[in-house]
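Read off the chains here:
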Amino acid sequence: MTETTNGASSALHKLKQHPLILLLVVLLLAGAGYTSYWLFQKTVTTSQKKQATEHARQLATKLRITTNHYLKERNQQLLSLAEKSLFTTAAASADMSQILSMEKLLLEWAPELTAGYLITSGDLRLIEQHNFAGHYLTEKTLAGDLPPVAAARLGKEWQLLYSYPLKDQQGDIIGAMLGIESLQPLLDALKPAVKENLGLTQLIQTLPKTKGATFVTTGNKSKALETVDLKLEPANWSLRYTGSKVLLQSTEPSYEGFALFGSVLAVSTLVIIYLLLRLTLHFHVDKAPSPRTAKKIRLDTP
């Protein structure tokens, strides 16, 4: 025990005579600490973000499926109504009182609509109500096109517009059925799909020669991840989903990469320090005492 203590004291005494070596050891330890922090950021934090982004993509895909399913069901419902003989007969009659009566019936059969119209050629009611988007859609429908669902700002609110052809028994287009719906039913369909605090959901409509208009923005606005951009079934619609801080913090990071690189770094640093100290002690030569010290030692010698 005494020999071990003396050996350690002797080694420490020798190392004190090499301040540069001790400084190098300190720098090695500090460098290892900084490198460990950098590795943590690169492995653990990056891994957490990568997993959270993948989770965000899964949530965005779920929202896309929900949106497409909702629009498909609404299209099927309204298209089947447009094929009802009551509506086509009213359009063929060109009798405004009969048309208005059938429009009331349309709202009874589709109560989620905020407004419904049976439009025939020359009907300018939509223009008079400043519903230019609805007028544009019905004009295209009367011309033989089947426009997809469109989002339009009517007054202060965004609404969804659906337009379908009214055909006679020969299959000729005699009118157009326009259904107008608020965004609330769509938002209600999206809510149970994904928790709102996990991210920000946006629906964008892009028209020719435009940058795109965001007509739905809902959820947590604390953006923490890259935005996931997915196309929807209406060709000019897209869905953007941005994961929030809640989603990022709820994702369990992986420590495997950090543990591996950290272990290699720690072992390497300790081995280098050990070899450095061993070589220093091996080649150590005690410094000769100064003349003053040597003289004092001679004087003190009995």
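Residues numbered from 1 in each chain as written. Predicted model: local features only at pLDDT ≥ 70, side-chain atom pairs only at ≥ 80, totals over all residues. Heavy atoms only, no water.

Caption draft 1: Geometry of the overall build of the chain. Within the chain one finds 10 helices and eight strands. Of all 302 residues assigned to the chain, the portion counted as buried reaches 37%. For the chain, the share of sequence-separated contacts (at least 6 apart) that also reach a separation of at least 24 residues comes to 61%. Surface summary for the chain: the accessible area is close to 18600 Å², and the carbon and sulfur share equals 59%. (Helix = DSSP H or I, 4+ residues; strand = E, 2+ residues; numbered from the N terminus. Buried < 20%, exposed > 50% of the residue type's maximum accessible area, 1.4 Å probe, protein only. Contact = heavy atoms within 4.5 Å. Areas by Shrake-Rupley, 256 points an atom, 1.4 Å probe, with all protein chains shown as cover.)

Caption draft 2: Highlighting the pattern of salt bridges. For the coordinates displayed, the defined rule picks out five salt bridges. As a salt-bridge pair, Arg240 and Asp229 come within 3.5 Å of each other at their nearest N and O atoms. Taken as a pair, Arg240 in strand S8 (residues 237–244) and Asp229 in strand S7 (residues 223–231) lie far apart in primary sequence, 11 residues in all. When its relative accessible area of 45% is taken as the criterion, Asp229 is described as partly exposed. Each member of the salt-bridge network shares a partner with another, and the members are Arg74, Glu112 and Glu181. (Salt bridge = Lys/Arg side-chain N within 4 Å of Asp/Glu carboxyl O.)

Caption draft 3: Spatial organisation of the sheet that holds strand S6 (residues 213–219). Strand order in the open sheet formed by four strands is S6-S5-S8-S7, with antiparallel pairing between adjacent strands. Two strands close off the open sheet at either side, each with one partner strand: S6 and S7. For this sheet the average axis-to-axis angle between neighbouring strands, irrespective of direction, equals 20 degrees. Taken together, the six bridges between S7 and S8 define a ladder with antiparallel strand orientation. By the bridge assignment for S8, Lys223 is matched with Ser244. (Pairing = 2+ DSSP bridges. Axes fitted to C-alpha atoms, helices over the stretch in contact; angles between N-to-C directions.)

Caption draft 4: Expanded view of the pairing of S8. Of all eight residues making up S8, seven are buried, and the element is well covered by its neighbours. Relative to S8, strand S5 (residues 199–205) runs antiparallel, the two sharing seven bridges. Counterpart to Gly199 in the pairing with S8 is Gly243. Taking the residues between adjacent antiparallel strands as the criterion, S7 and S8 are bridged by five residues.

Caption draft 5: Geometry of the sheet that holds strand S3 (residues 157–167). In space, the four strands of this open sheet follow the order S1-S4-S3-S2, with antiparallel pairing throughout. Of all the strands in the sheet, just strand S1 (113–119) and strand S2 (150–154) have a single pairing partner and so form its edges. Sheet twist, expressed as the average angle between the axes of neighbouring strands with direction ignored, equals 30 degrees. In this structure, S3 lies alongside strand S4 (residues 173–182), joined through nine bridges in antiparallel fashion. Looking at the pairing, Gln159 lines up with Ser182 of S4.

Caption draft 6: Seen up close, the packing of aromatic side chains. All chains considered together, the criterion is met by three aromatic pairs. Ring geometry for Phe87 versus Trp109: centroids 5.7 Å apart, planes at 75 degrees, classification edge-to-face. Of this pair, Phe87 sits in helix H3 (residues 85–93) while Trp109 is found in helix H4 (residues 96–109), placing the two residues 22 residues apart along the sequence. Note on Phe87: relative accessible area 0%, which makes it buried. Between Phe215 and Trp237 the ring centres are 4.8 Å apart and the planes differ by 55 degrees, which places this aromatic pair in the tilted class. (Phe/Tyr/Trp six-rings, centres within 6.5 Å; stacked < 30°, edge-to-face > 60°.)

Caption draft 7: Spotlight on unusual backbone geometry. A positive phi angle, near 60 degrees, is found at Ala94, a position not held by glycine. As for its placement among the helices and strands, Ala94 is situated in the loop between H3 and H4.

Caption draft 8: Broad picture of H3. Three or more residues of H3 are buried, namely Phe87, Thr88, Ala90 and Ala91. On an axial view of H3, the arc spanned by its buried residues comes to 160 degrees, and they lie on one face. In H3, the exposed residues that point more than 90 degrees away from the buried face are Ser85 and Ala92. Remark: Ala94 follows H3 within two positions and exhibits a positive phi of approximately 60 degrees. (Arc of directions from axis to C-beta.)

Caption draft 9: A look at the side chain of Thr120. One can find Thr120 in the loop between S1 and helix H5 (125–128). With residues up to four places along the chain from it excluded, the contact list for Thr120 reads Ala91, Ile99, Leu142, Ile174 and Gly175.

Caption draft 10: Region of interest: the environment of Ala152. Among the secondary structure elements, Ala152 is positioned in strand S2. For Ala152, a relative accessible area of 8% corresponds to the buried category. For Ala152 and Ala213, which are 61 residues apart along the polypeptide, the C-alpha to C-alpha distance reads 9.6 Å. The contacts of Ala152, once residues within four sequence positions are left out, are Ala133, Glu157, Trp158, Gln159 and Leu161.

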